[in-house]
Amino acid sequence: MKEKISIISLGCARNLVDTEVMAGLLQQDHYEMVSEPAEADIVLINTCSFIDAAKEEAVDTILETARLKEEGRLQTLVVAGCLPQRYSQELTSELPEVDLFIGTGEVPRIVEILREHRANKQKRLYIGVPRYLYDHGTPRLRTTPSHSAFLKVSEGCDHKCAFCIIPDLRGPHRSRPIDSIVKEAAILAETGVKEINLIAQDLTAYGRERRDGATLYGLLKEMAPLAGIQWIRLLYAYPNFLDEPLLRLIRENEKICKYVDIPFQHVSGRILRRMRRGKSGSAVWEAVSKLRRAIPEITLRTSLIVGFPGETEEEFRELLDFVEEARFERLGVFKYSVEEGTAAALMGDQIPEEEKESRWQEVMELQAEISRSKNESLIGTIQRVMVDAHDVESKRFIGRTQAHAPEVDGVVYLEKGYTNGVRTEMRLGDMVDVRINQALDYDLIGAILDA
């Protein structure tokens with residue numbers, strides 16, 4: 001009889017791909033995947049530990065799930081990913097409820113580790129140096145909508161940002177071969193995927209260490225002709241290596257979304273140096289200007305940090321002015337979080353939590369105004385929308401334009417999905433033309449033209 005296993009995935013899309021790979025390996029073996037942890041013999045929680053909030057979510061989820069050992073059929077609780085990679089020794093003593101801790105580099109060994117556990121229940125810790133990199137032949141059970149997928153092109157990071165622990169959690173930067181990525185994209189297309197979201201810790205570093213000529217430009221040139229793929233999106237890029245040929249390709253190829261996600265983090269030259277970002281404030285501004293000039297219709301998404309150690313009121317005002325003038329279409333703002341093991345954790349001039357909160361709130365309020373203004377400018381326009389979901393209760397379809405990345409950006413609520421109470425014949429993943437009628441802070445409302 002097959003053991004039943006449920007997997008809970010926390011954190012970013014990169015983590016989600018690891019989860020999908022483990023699910024694929026387990027399903028290929030003798031395990032039956034179930035969606036509800038209460039129905040499982042084994043629960044695997046793939047965790048994030050990037051910032052305090054992620055650690056708290058992970059621990060809360062672990063403790064909540066552990067109760068199923070008393071209340072349900074749960075026999076084995078497995079915690080994988082960044083949290084055990086970072087805190088392996090502490091967790092083994094503080095979370096006796098957990099049977100197994102597995103690091104980020106042990107993803108391909110999940111079946112073997114569970115087999116070993118049956119033979120030796122005393123061994124709880126499987127943590128090694130992260131060197132793992134999946135390929136197109138690796139089993140993967142996708143959990144995203146059938147028409148949209150994340151595709152991880154590389155793993156790890158070589159940057160030494162003062163606030164970030166990711167290089168320790170994920171190891172050095174290592175890129176997959178172009179042919180492996182293109183083969184995976186072709187396999188995804190054959191299964192009905194229309195949107196591929198390219199992800200990495202640093203997408204623009206793709207291929208740098210391979211010494212076989214692989215570049216992001218070359219990868220996109222190979223991927224774009226694939227039949228069935230309609231959108232290719234670039235997530236988690238850095239300002240480095242955004243050269244003219246790459247920008248021209250993004251502008252001219254209709255399949256590549258005019259959307260780039262670049263984490264600038266700050267604009268103050270002094271703060272950027274303290275962050276070890278390797279960019280001056282003027283270089284950040286130049287990157288924004290370069291992107292806007294090269295791709296006039298571009299959607300820019302960035303992330304910023306407020307309350308970094310030593311950030312003065314003047315430097316925060318400089319950041320606020322940057323947001324107001326750059327007018328990013330999408331913006332994520334993080335309150336600086338002290339992370340053990342990082343250079344910034346040892347810095348003096350730590351900002352009080354209430355001041356971080358105040359600064360965060362001020363940036364978010366400004367961005368809400370900018371976002372609504374940009375959305376209002378779309379009223380009356382016709383937008384191409386990919387249908388993502390169907391809300392039975394509201395009798396509305398929900399979709400996204402190519403300017404909306406899945407999970408992190410807003411959506412388009414679609415009217416006229418029904419005629420006389422009867423659902424329009426439309427499938428998830430369909431592309432429809434939509435007239436935008438209303439604008440909210442982050443979402444749009446529009447009518448399907450052919451419904």
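It should be noted that the structure appears before, not after, this text.
Residues numbered from 1 in each chain as written. Predicted model: local features only at pLDDT ≥ 70, side-chain atom pairs only at ≥ 80, totals over all residues. Heavy atoms only, no water.

Would you mind showing me how to read the overall build of the protein chain here?
From N to C terminus, the protein chain includes 13 helices and 21 strands. For 451 residues, the compact-globule formula gives about 22 Å, and the C-alpha radius of gyration of the protein chain, at 23 Å, lands near that figure. Summarising its shape, the C-alpha atoms of the protein chain cover approximately 65 × 60 × 45 Å along the three principal directions. Here the protein chain holds 451 residues, and 56% of them are scored as buried. Long-range pairs, those at least 24 residues apart, make up 73% of the contacts in the protein chain with a sequence separation of at least 6. For the protein chain, the accessible surface area stands at approximately 19600 Å², while carbon and sulfur atoms represent 49% of it. Charged side chains in the protein chain number 59 positive and 73 negative. The centres of these two groups are separated by 5 Å. (Helix = DSSP H or I, 4+ residues; strand = E, 2+ residues; numbered from the N terminus. Rg over C-alpha atoms; globule rule 2.2 N^0.38 Å. Buried < 20%, exposed > 50% of the residue type's maximum accessible area, 1.4 Å probe, protein only. Contact = heavy atoms within 4.5 Å. Areas by Shrake-Rupley, 256 points an atom, 1.4 Å probe, with all protein chains shown as cover. Lys, Arg positive; Asp, Glu negative; His and termini not counted. Charge placed at Lys NZ, Arg CZ, Asp CG, Glu CD.)

Looking at this model, I keep getting lost on the nonpolar core. Mind explaining?
Proteins that are soluble and globular tend to have nonpolar side chains buried together. Ranked by internal contacts, the top residues of the largest apolar core, which has 93 residues, are L198 and L219. At eight residues, helix α1 (residues 13-28) tops the list of elements feeding residues into this core. Ignoring anything within four residues of it in the chain, the contact list for L198 reads L151, V153, L203, L219, L220, M223, I232, R233, L234 and L235. Counting residues in hydrophobic clusters, the runner-up holds 19 residues, among them I45, A58, A66 and L77. (Core = buried A, V, L, I, M, F, W, Y, C linked by side-chain atoms within 4.5 Å.)

Quick question: what am I supposed to make of helix α11 (residues 281-294) here?
Because each turn of an α-helix spans 3.6 residues, side chains separated by three or four positions end up pointing in the same direction. Relative to the 20 Å expected for 14 residues at 1.5 Å per residue, α11 spans 20 Å between its end C-alpha atoms, a close match to the ideal helical length. Among the residues of α11, G281, V284, A287, V288, L291 and A294 are the ones counted as buried. Next to the buried residues of α11 lie α9 (244-252), α10 (269-275), β13 (299-306) and α12 (313-326). (Expected span 1.5 Å × (residues − 1).)

Please explain the sheet that holds strand β15 (residues 382-391) as it appears in this structure.
Sheet strands pair by backbone hydrogen bonding; their relative direction is either parallel or antiparallel. The strand order around the closed barrel formed by five strands is β15-β16-β17-β21-β20, and the pairing between neighbours is mixed. Averaged over neighbouring strand pairs, the angle between their axes works out to 50° when direction is ignored. Two elements, β15 and strand β20 (residues 431-439), share five bridges in a ladder whose sense is antiparallel. Each bridged residue has a counterpart across the sheet, and for I382 the counterpart in β20 is R435. (Pairing = 2+ DSSP bridges. Axes fitted to C-alpha atoms, helices over the stretch in contact; angles between N-to-C directions.)

Whenever I open this one, the pairing of strand β3 (residues 42-47) confuses me. Can you help?
Walk down a regular strand and you will see the side chains alternate between the two sheet faces. Where burial is concerned, most of β3 is hidden: six out of the six residues are buried. Residues I42, L44 and N46 of β3 are buried on one face, and the alternating residues V43, I45 and T47, pointing to the opposite face, are buried as well. Where strand β1 (residues 3-9) lies against β3, five bridges are found, and the strand directions are parallel. Looking at β3, one finds that I7 is bridged to L44.

Looking at this structure, I do not really get the packing of α9 against α11. What am I missing?
Any two packed helices are characterised by the angle at which their axes cross and by the distance between the axes. In the contact formed by α9 and α11, the axes pass within 10 Å of each other and the chain directions differ by 45°. By the angle class used here, α9 and α11 are oblique. α11 is crossed by α9, and the crossing has right-handed handedness. Residue-level inspection shows E244, L247 and R251 of α9 in contact with α11, the latter providing K290, L291 and A294. Each residue belonging to the contact of α9 with α11 can be placed in one class, and the counts come to three nonpolar, no polar and three charged. (Parallel < 35°, antiparallel > 145°, perpendicular 65-115°, else oblique. Left-handed = near helix turned anticlockwise from the far one by under 90°. Nonpolar A, V, L, I, M, F, W, Y, C, P; charged D, E, K, R; others polar.)

Help me understand the environment of R73, please; the structure alone is not making it clear to me.
For R73, the position within the fold is in the loop between α3 (68-71) and β4 (76-81). Exposure remark for R73: the relative accessible area of 33% places this residue in the partly exposed category. On a C-alpha basis, the gap between R73 and I42 in space is 8.7 Å, while along the polypeptide they are 31 residues apart. Residues in contact with R73, not counting those within four places in the same chain, are K4, A38, E39, A40, D41 and L68. Within polar-contact distance, the side chain of R73 engages the side chain of D41 at 2.9 Å. (Polar contact = N/O pair within 3.5 Å; in protein donor to acceptor, adjacent residues only side chain to side chain.)

What exactly am I supposed to notice about the packing of α12 against helix α13 (residues 353-376) here?
It is at 10 Å that the axes of α12 and α13 come closest, and there the two elements cross at 15°. In terms of their interaxial angle, α12 and α13 are classed as roughly parallel. The hand of the α12/α13 crossing is right-handed. Side by side, α12 and α13 meet where E313, F316, R317, L320, V323 and E324 of the first sit next to E355, R359, E362, V363, L366, Q367 and I370 of the second.

Help me understand the side chain of E195 in this model?
The topology assignment puts E195 in strand β10 (residues 195-199). Judged by relative accessible area, which is 0%, E195 ranks as buried. Here E195 is in contact with H147, S148, A149, W231, R233, M386, R400 and P406, once residues within four sequence places are set aside.

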